[in-house]
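So you can see what is in the structure, the chains are spelled out below.
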Amino acid sequence: MQFYFQGRANYTEIISRLGLTIKVGDGIVRAVGLFGVKSGEMVWIGPKRIKGMVINLEHNSVGIVVFGNDRDVKQGHKALRSHKIMSIPLSMDMFGRVIDGLGMDLTENSSKYLENSVMWANIDTKAIGIIERKSVTEPMQTGIKLIDSLIPIGCGQRELIIGDRQTGKT
(Lines give C-alpha, C1' and ligand atoms only; values in the text may rest on other atoms or scores of the structure.)
Protein backbone atom coordinates (compact mmCIF):
# COMPACT_ATOMS: atom_id res chain seq x y z
CA MET A 1 0.00 0.00 0.00
CA GLN A 2 1.34 3.39 -0.89
CA PHE A 3 0.43 6.76 0.58
CA TYR A 4 1.29 9.92 -1.27
CA PHE A 5 2.37 13.06 0.54
CA GLN A 6 2.02 16.53 -0.88
CA GLY A 7 5.19 18.55 -1.05
CA ARG A 8 8.48 17.49 0.43
CA ALA A 9 8.22 15.55 3.67
CA ASN A 10 11.04 14.25 5.80
CA TYR A 11 11.06 10.69 7.09
CA THR A 12 10.21 11.60 10.69
CA GLU A 13 7.06 13.39 9.52
CA ILE A 14 6.04 10.40 7.40
CA ILE A 15 6.66 7.92 10.21
CA SER A 16 4.74 10.06 12.72
CA ARG A 17 1.72 10.14 10.39
CA LEU A 18 1.62 6.37 9.85
CA GLY A 19 0.20 3.66 12.07
CA LEU A 20 -0.42 -0.08 11.86
CA THR A 21 -3.67 -1.88 12.68
CA ILE A 22 -3.24 -4.65 15.23
CA LYS A 23 -6.86 -5.63 15.89
CA VAL A 24 -10.13 -5.26 13.96
CA GLY A 25 -13.60 -6.11 15.22
CA ASP A 26 -17.17 -4.77 15.41
CA GLY A 27 -16.38 -1.51 13.60
CA ILE A 28 -13.50 -0.66 15.95
CA VAL A 29 -9.85 -0.78 14.93
CA ARG A 30 -6.95 -0.82 17.38
CA ALA A 31 -3.79 0.71 15.90
CA VAL A 32 -0.25 1.42 17.05
CA GLY A 33 1.85 4.34 15.86
CA LEU A 34 0.03 7.53 14.87
CA PHE A 35 2.17 9.56 17.26
CA GLY A 36 0.56 12.76 18.50
CA VAL A 37 -2.90 11.90 17.16
CA LYS A 38 -5.80 13.79 18.76
CA SER A 39 -9.13 12.47 19.94
CA GLY A 40 -11.73 13.03 17.18
CA GLU A 41 -9.10 13.22 14.43
CA MET A 42 -9.83 11.65 11.04
CA VAL A 43 -7.61 8.81 9.81
CA TRP A 44 -7.56 6.78 6.61
CA ILE A 45 -7.25 3.03 7.00
CA GLY A 46 -6.16 0.34 4.54
CA PRO A 47 -5.66 0.31 0.79
CA LYS A 48 -9.24 1.53 0.18
CA ARG A 49 -8.58 4.55 2.44
CA ILE A 50 -11.65 4.00 4.59
CA LYS A 51 -12.34 6.94 6.90
CA GLY A 52 -12.16 6.47 10.63
CA MET A 53 -12.25 8.66 13.73
CA VAL A 54 -9.93 8.31 16.71
CA ILE A 55 -12.03 7.75 19.82
CA ASN A 56 -9.73 6.19 22.41
CA LEU A 57 -6.20 7.29 23.24
CA GLU A 58 -4.04 4.91 25.25
CA HIS A 59 -0.36 4.89 26.11
CA ASN A 60 0.80 2.81 23.13
CA SER A 61 -2.29 2.38 20.94
CA VAL A 62 -5.40 4.17 19.72
CA GLY A 63 -8.98 3.05 19.14
CA ILE A 64 -10.55 4.07 15.84
CA VAL A 65 -14.22 3.81 14.88
CA VAL A 66 -14.62 2.90 11.20
CA PHE A 67 -17.01 4.91 9.02
CA GLY A 68 -17.53 2.30 6.35
CA ASN A 69 -17.27 -1.44 5.88
CA ASP A 70 -14.92 -2.80 8.53
CA ARG A 71 -14.57 -6.04 6.55
CA ASP A 72 -12.27 -4.17 4.17
CA VAL A 73 -9.86 -3.46 7.05
CA LYS A 74 -7.49 -6.25 8.06
CA GLN A 75 -4.84 -6.67 10.70
CA GLY A 76 -1.57 -5.22 9.44
CA HIS A 77 -3.12 -2.51 7.25
CA LYS A 78 -1.62 0.94 7.47
CA ALA A 79 -3.43 3.92 8.98
CA LEU A 80 -2.66 7.52 8.05
CA ARG A 81 -3.34 10.66 10.09
CA SER A 82 -5.10 13.58 8.44
CA HIS A 83 -4.30 16.23 11.11
CA LYS A 84 -7.99 17.34 10.88
CA ILE A 85 -10.81 16.88 13.36
CA MET A 86 -13.60 14.73 11.86
CA SER A 87 -16.29 17.02 10.41
CA ILE A 88 -19.12 17.01 7.87
CA PRO A 89 -20.05 19.63 5.27
CA LEU A 90 -23.13 21.80 5.74
CA SER A 91 -24.98 23.66 3.00
CA MET A 92 -28.50 24.67 2.05
CA ASP A 93 -28.49 21.99 -0.68
CA MET A 94 -28.49 19.29 2.01
CA PHE A 95 -31.92 20.19 3.42
CA GLY A 96 -34.44 17.45 2.71
CA ARG A 97 -31.73 14.93 1.78
CA VAL A 98 -30.85 11.68 3.51
CA ILE A 99 -27.18 11.75 4.50
CA ASP A 100 -24.88 9.33 6.31
CA GLY A 101 -22.56 10.08 9.22
CA LEU A 102 -19.98 11.62 6.88
CA GLY A 103 -22.41 13.99 5.15
CA MET A 104 -22.59 11.97 1.92
CA ASP A 105 -25.93 11.86 0.10
CA LEU A 106 -27.47 8.38 0.31
CA THR A 107 -30.17 9.04 -2.30
CA GLU A 108 -27.90 10.02 -5.19
CA ASN A 109 -24.58 8.43 -4.11
CA SER A 110 -22.69 11.56 -5.07
CA SER A 111 -20.25 13.88 -3.37
CA LYS A 112 -21.54 17.13 -4.86
CA TYR A 113 -22.38 18.54 -1.41
CA LEU A 114 -18.72 18.46 -0.47
CA GLU A 115 -17.92 21.03 -3.13
CA ASN A 116 -20.91 23.28 -2.38
CA SER A 117 -20.47 23.26 1.38
CA VAL A 118 -20.71 26.61 3.10
CA MET A 119 -19.33 25.50 6.45
CA TRP A 120 -18.10 22.40 8.25
CA ALA A 121 -19.40 21.04 11.58
CA ASN A 122 -17.51 18.69 13.88
CA ILE A 123 -19.05 15.23 14.19
CA ASP A 124 -18.22 14.74 17.86
CA THR A 125 -19.92 17.61 19.68
CA LYS A 126 -21.59 18.11 23.05
CA ALA A 127 -25.20 16.99 23.14
CA ILE A 128 -28.00 19.51 23.51
CA GLY A 129 -29.06 19.97 27.12
CA ILE A 130 -32.30 18.74 28.60
CA ILE A 131 -35.12 21.25 28.37
CA GLU A 132 -36.37 22.50 31.74
CA ARG A 133 -39.93 21.40 32.26
CA LYS A 134 -42.61 22.33 34.69
CA SER A 135 -42.54 20.02 37.71
CA VAL A 136 -45.36 17.55 38.19
CA THR A 137 -47.99 19.11 40.42
CA GLU A 138 -51.12 17.19 39.46
CA PRO A 139 -51.49 13.71 40.98
CA MET A 140 -53.08 11.02 38.87
CA GLN A 141 -55.44 8.54 40.49
CA THR A 142 -55.73 5.01 39.10
CA GLY A 143 -58.89 4.15 41.02
CA ILE A 144 -57.22 1.25 42.83
CA LYS A 145 -56.81 2.28 46.48
CA LEU A 146 -53.75 0.11 47.13
CA ILE A 147 -51.79 1.56 44.18
CA ASP A 148 -52.94 5.14 44.87
CA SER A 149 -51.84 4.94 48.52
CA LEU A 150 -48.45 3.20 47.96
CA ILE A 151 -47.16 4.61 44.65
CA PRO A 152 -47.21 8.34 43.87
CA ILE A 153 -48.12 8.75 40.22
CA GLY A 154 -47.78 12.16 38.60
CA CYS A 155 -49.58 13.49 35.57
CA GLY A 156 -48.07 15.81 32.99
CA GLN A 157 -44.52 14.57 32.33
CA ARG A 158 -43.14 11.45 30.78
CA GLU A 159 -40.13 11.45 33.10
CA LEU A 160 -42.18 11.10 36.28
CA ILE A 161 -44.71 8.37 35.66
CA ILE A 162 -44.19 6.21 38.74
CA GLY A 163 -42.21 7.09 41.84
CA ASP A 164 -40.50 10.01 43.50
CA ARG A 165 -37.54 12.01 42.25
CA GLN A 166 -34.12 10.37 42.16
CA THR A 167 -35.35 6.79 42.60
CA GLY A 168 -33.47 5.42 39.57
CA LYS A 169 -36.33 5.08 37.10
CA THR A 170 -35.46 4.44 33.45
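Preceding this paragraph is the structure being described.
Predicted model only: the values in this text are computed from it and were never measured. (Residues numbered from 1 in each chain as written. Predicted model: local features only at pLDDT ≥ 70, side-chain atom pairs only at ≥ 80, totals over all residues. Heavy atoms only, no water.)

A word on the nonpolar core. Counting 13 residues, the largest nonpolar core has Val-29, Leu-34, Val-43, Ile-45, Val-54, Val-62 and Ile-64 as its most contacted members. Broken down by secondary-structure element, the contributors of at least two residues to this core are strand E2 (28-33), strand E3 (41-45), strand E4 (50-57) and strand E5 (62-67). The dominant element in this core, judged by the number of residues it contributes, is E5, at three residues. With residues up to four places along the chain from it excluded, the contact list for Val-54 reads Val-37, Lys-38, Ser-39, Gly-40, Glu-41, Val-43, Val-62, Gly-63 and Ile-64. (Core = buried A, V, L, I, M, F, W, Y, C linked by side-chain atoms within 4.5 Å. Buried < 20%, exposed > 50% of the residue type's maximum accessible area, 1.4 Å probe, protein only. Helix = DSSP H or I, 4+ residues; strand = E, 2+ residues; numbered from the N terminus. Contact = heavy atoms within 4.5 Å.)

Its place among the elements puts Arg-81 in strand E6 (residues 78-85). Relative accessible area serves as the criterion here: at 6%, Arg-81 is assigned to the buried category. In terms of polar contacts, Arg-81 uses its side chain to reach the side chain of Glu-41, at 2.9 Å. Only 3.1 Å separates the side chain of Arg-81 from the side chain of His-83, close enough to count as a polar contact. Setting aside chain neighbours within four positions, we find Arg-81 in contact with Ser-16, Arg-17, Leu-34, Phe-35, Gly-36, Val-37, Glu-41, Met-42, Val-43 and Trp-44. (Polar contact = N/O pair within 3.5 Å; in protein donor to acceptor, adjacent residues only side chain to side chain.)

Here we take up a nonpolar patch on the surface. Taken together, the side chains of Ile-144, Leu-146, Ile-147, Leu-150 and Ile-151 define a hydrophobic patch exposed on the protein surface, amounting to about 460 Å² of accessible area. Along the chain, the position of Ile-144 falls in the loop between strand E9 (138-139) and helix H3 (145-150). (Patch = residues over 30% accessible without salt bridge, like charges linked within 9 Å, V, L, I, M, F, W, Y side chains within 5 Å. Areas by Shrake-Rupley, 256 points an atom, 1.4 Å probe, with all protein chains shown as cover. Salt bridge = Lys/Arg side-chain N within 4 Å of Asp/Glu carboxyl O.)

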